[in-house]
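# Inside the fold
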Amino acid sequence: MSIQVEAVSRRFEGTTAVENVSFYVEEGEIVGLLGTSGCGKSTLLRAVAGLDTGYEGTIRLHGQEKRGTSKELGIIFQEPRLMPWLTVLDNVTFGLDGPKEEQKKKALDLLEVVGLKDFADHYPKQLSGGMAQRTAIARALVTQPSTLLLDEPFSALDAFTKLQLQDMVLDLWNQYLPTMVMVTHDIDEALALCDRIIILKGQPGVLHDNLKLTQPKPRRKSDPELARVKEYILESLDITKAEKEA
Amino acid sequence: MAVTQGQHVEKKSVFSSEREQNQSEARRGMPSFLKTAGLALIVPLLILALWEGATRFGLVAGNQLPAPSAVVGTIWGMAQDGSLWTHMGITMYRILWGFFWGTAAAAALGALVAVSKKAEVLFDPTVQAIRAIPSLAWVPLFILWFGIGEPSKVTLIALGVFFPVYLNVVGGIQSVDRKLVEVGRAYGLSQLQIIRRIILPASMPSFLTGLRSGLGLGWMFVVAAELLGASEGLGYLLVLGQNTSAPAVILASIVLFAFLGKTTDYVLKKIQTRVLHWQDNVKT
Ligand SMILES: Nc1ncnc2c1ncn2[C@@H]1O[C@H](COP(=O)(O)OP(=O)(O)OP(=O)(O)O)[C@@H](O)[C@H]1O
Ligand SMILES: [Mg+2]
């Protein structure tokens, strides 16, 4: 088991962001964290990433308890977070070690994949929002981390680029089967990519459901099975309906 | 947009093209930057002409206000007997040394205070308290301690340079985007690597701003230091001019101060635009 989250809660001076959440992520699995805005998805991901250590509970990576960052994890944030003083190429190689030539080759290969090869020498101020986010994706992928944590990586992108990059992530996943935890509030995105969808709900966020999707990837958008899952998720996120049932 | 025919007979066309207009304007006159430069020069040239005329025709007493040509003549004379280079050289030497030491001390202490909470509590209140003292008030003490020679002057200039640089270093480092630092942590960089690879470049804009205002203050303090006892330097020329009732010498010194001040600031500005070319707000 690659990542285990056991009874994690996080409190910020008085307010509780997430309460007693437990789930696990198998090796090579793509797990989606789905939920409405403010239910603590980012908070949870930051705890897993080790960027936030103020949580209660335990998080294990490959069975070992950890608090703090690890080189095995690659992170893609909600915003690009590029270093404005570095070119696109240097931003991509930011987390790489080793000989310069090798770094450059790896980075250029990935820039080709995200369609930014011609912009390698540009500075972040010269990029559009989508291009900046693609650069950030390349930066996270270039180290070939065994586990990728993604916080709404595509939410700032246009529909075309989004689909294109989702395909790219799937291709990549097919190539070396990284474990992925992906925060999203796009149900279609979760349905297209994830093996499991963890639904968080409420404020403080609690674990509401843990869905397993067995359809092989890539999946057709028109798959009637998926449409049913989507309906189910929409219903379970619908607060008014849930209250009526209760 | 209703253009009724016949009513606007004199109108050539129903549309206007910015492109065509720009082109015809370009054909008509000189490039726009020359135009603004020409415009900016009108007032100073007019003043110089009036000034020159007023002294030539005896409207003002020449021994009170010498003509611009006389000032230029004075500078020319000093250039030929070589004293110009000694005075300018020693002034430059003082400001550069003072600037260097002031910057070095400010950068070191500022970085320490910005990075460590303990150091901030330890040093910052003292620095702020000393900052409240008008720096020129130190002059007598420095002269007592270091004598009238170079050390007291360099110390005074360094003190003037210190505060703006210090404030900008501390402010710059403390306002580095926490999100960028987090990227470094996510990649497992050590504290030292984070400082070198993220905090240093990210606080560069603020540091350079500090350098420029520090240099400006440095020039103020060099004048003060040289006024208060020097046998060489542009500030000494001010005293000399006063004592020998030679306003041309005073004006020459002022012109030279302006020239050197502008030149050194220009150099820093060039460095600033070069180092910060990645910044979104530096005009290219
Ligand atoms: N550093 C912080 N200090 C105080 N409260 C915080 C902090 N970070 C998050 N919170 C609170 O925790 C809750 C969850 O925030 P979080 O960012 O995890 O939401 P999210 O599910 O990622 O939402 P979104 O989909 O809008 O990104 C919010 O109520 C927020 O106000
Ligand atoms: Mg979030």
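Everything numeric here is computed off the predicted structure, so don't read it as measured data. (Residues numbered from 1 in each chain as written. Chains lettered and ligands numbered in written order. Predicted model: local features only at pLDDT ≥ 70, side-chain atom pairs only at ≥ 80, totals over all residues. Heavy atoms only, no water.)

### Remarks on the overall build of chain A
Each helix and strand counted, chain A has eight helices and ten strands in total. For 246 residues, the compact-globule formula gives about 18 Å, and the C-alpha radius of gyration of chain A, at 18 Å, lands near that figure. By principal-axis analysis of the C-alpha atoms, chain A measures approximately 60 × 40 × 35 Å. Within chain A, residue pairs in contact and separated by at least 24 positions form 66% of the contacts whose partners lie at least 6 positions apart. (Helix = DSSP H or I, 4+ residues; strand = E, 2+ residues; numbered from the N terminus. Rg over C-alpha atoms; globule rule 2.2 N^0.38 Å. Contact = heavy atoms within 4.5 Å.)

### Examining the sheet that holds strand S5 (residues 64–65) of chain A
Whenever strands of a sheet pair, they do so through backbone hydrogen bonds, lying parallel or antiparallel. Residue and element names in this part refer to chain A. With respect to topology, four strands assemble into an open sheet ordered S2-S1-S4-S5, the strand pairing being antiparallel. In the strand order of this sheet, the two ends are held by strand S2 (15–25) and S5, each with one partner. By the bridge criterion, five bridges tie strand S1 (residues 3–12) to strand S4 (residues 56–61) in an arrangement that is antiparallel. Looking at S4, one finds that Ile3 is bridged to Leu61. Across the sheet, helix H1 (residues 41–49) lies against S1, S2 and S4, angled at about 120° from S1, the strand it touches most. (Pairing = 2+ DSSP bridges. Axes fitted to C-alpha atoms, helices over the stretch in contact; angles between N-to-C directions.)

### Concerning the interface of chain A and chain B
You'll often see interface size given as the accessible area lost when the parts meet. On the chain B side, the residues contacting the 22 residues of chain A number 18 residues. On the surface where chain A and chain B come into contact, there are three salt bridges. A salt bridge links Glu79 of chain A to Lys179 of chain B; the shortest N-O distance between them is 3.4 Å. Scanning the region where chain A abuts chain B turns up ten residue pairs in polar contact (both at pLDDT 80 or more). Classifying every residue of the side of chain A that touches chain B by side-chain character gives eleven nonpolar, five polar and six charged. (Salt bridge = Lys/Arg side-chain N within 4 Å of Asp/Glu carboxyl O. Polar contact = N/O pair within 3.5 Å; in protein donor to acceptor, adjacent residues only side chain to side chain. Nonpolar A, V, L, I, M, F, W, Y, C, P; charged D, E, K, R; others polar.)

### A look at the pairing of strand S10 (residues 206–212) of chain A
Residue and element names in this part refer to chain A. Sheet topology note: the strand S9 (residues 196–201)/S10 ladder contains six bridges and is antiparallel. Bridge pairing in S10 places Ile199 opposite Asp209. Two successive antiparallel strands, S9 and S10, enclose a turn made up of four residues, where Gly202 displays a positive phi of approximately 90°.

### Here's the deal with the sheet that holds S9 of chain A
All names here are of chain A. Strand order across the open sheet formed by six strands is S6-S7-S8-S3-S9-S10, with mixed pairing between neighbours. Strand pairing shows two members of the sheet lacking a second neighbour, strand S6 (73–76) and S10, which therefore form its edges. Strand after strand, the sheet turns through a mean of 15° between neighbouring axes, direction not considered. As paired elements, strand S7 (residues 147–151) and strand S8 (residues 179–184) share five bridges and run parallel to each other. What sits directly across from Thr147, in S8, is Thr179. On top of the sheet, helix H4 (residues 129–141) reaches S6 and S7; it is set at about 175° to S6, its chief contact.

### Brief notes about the site of ligand 1
Residue and element names in this part refer to chain A. Lining the immediate environment of ligand 1, one finds 13 residues, of which Ser37, Gly38, Lys41, Ser42 and Thr43 sit closest. Within the backbone of Cys39, an N or O atom sits 3.3 Å from an oxygen atom of ligand 1. Interatomic distance of 3.4 Å between a side-chain N/O atom of Gln78 and an oxygen atom of ligand 1. Relative to its free-state accessible area of 640 Å², ligand 1 is covered by the protein chains to the extent of 61%. (Near = heavy atom within 4 Å. Areas by Shrake-Rupley, 256 points an atom, 1.4 Å probe, with all protein chains shown as cover.)

### Examining the packing of helix H4 (residues 83–115) of chain B against helix H10 (residues 234–243) of chain B
Residues and elements named next belong to chain B. Running from N to C, H4 and H10 cross one another at 125°; their axes reach a closest spacing of 7 Å. Considering their axes alone, H4 and H10 lie oblique with respect to each other. Contacts between H4 and H10 involve His87, Met88 and Thr91 on the former and, on the latter, Leu234, Tyr236 and Leu237. Residue composition of the contact of H4 with H10, by class: four nonpolar, two polar and no charged. (Parallel < 35°, antiparallel > 145°, perpendicular 65-115°, else oblique.)

### A short note on the domain arrangement of chain A
All names here are of chain A. Here chain A is partitioned into domain 1 (3–72 + 148–245) and domain 2 (82–144). Distance from the C-alpha centre of domain 1 to the C-alpha centre of domain 2: 26 Å. Facing ten residues of domain 1, the contacting portion of domain 2 comprises ten residues. Taken together, the two surfaces of domain 1 and domain 2 that pack against each other cover about 880 Å², and 75% of this comes from carbon and sulfur. Contact with domain 2 buries surface across domain 1, with Leu157, Met168 and Tyr176 losing the most and accounting together for 43% of the total. Connecting domain 1 to domain 2 are one salt bridge. Here domain 1 is connected to domain 2 by one residue pair in polar contact (both at pLDDT 80 or more). In terms of residue count, the dominant contributor to the side of domain 1 that touches domain 2 is helix H5 (residues 159–176) (five residues). For the side of domain 1 that touches domain 2, the class distribution of residues is eight nonpolar, one polar and one charged. (Domains from an automatic or database assignment. Buried area = accessible area lost by both parts, 1.4 Å probe.)

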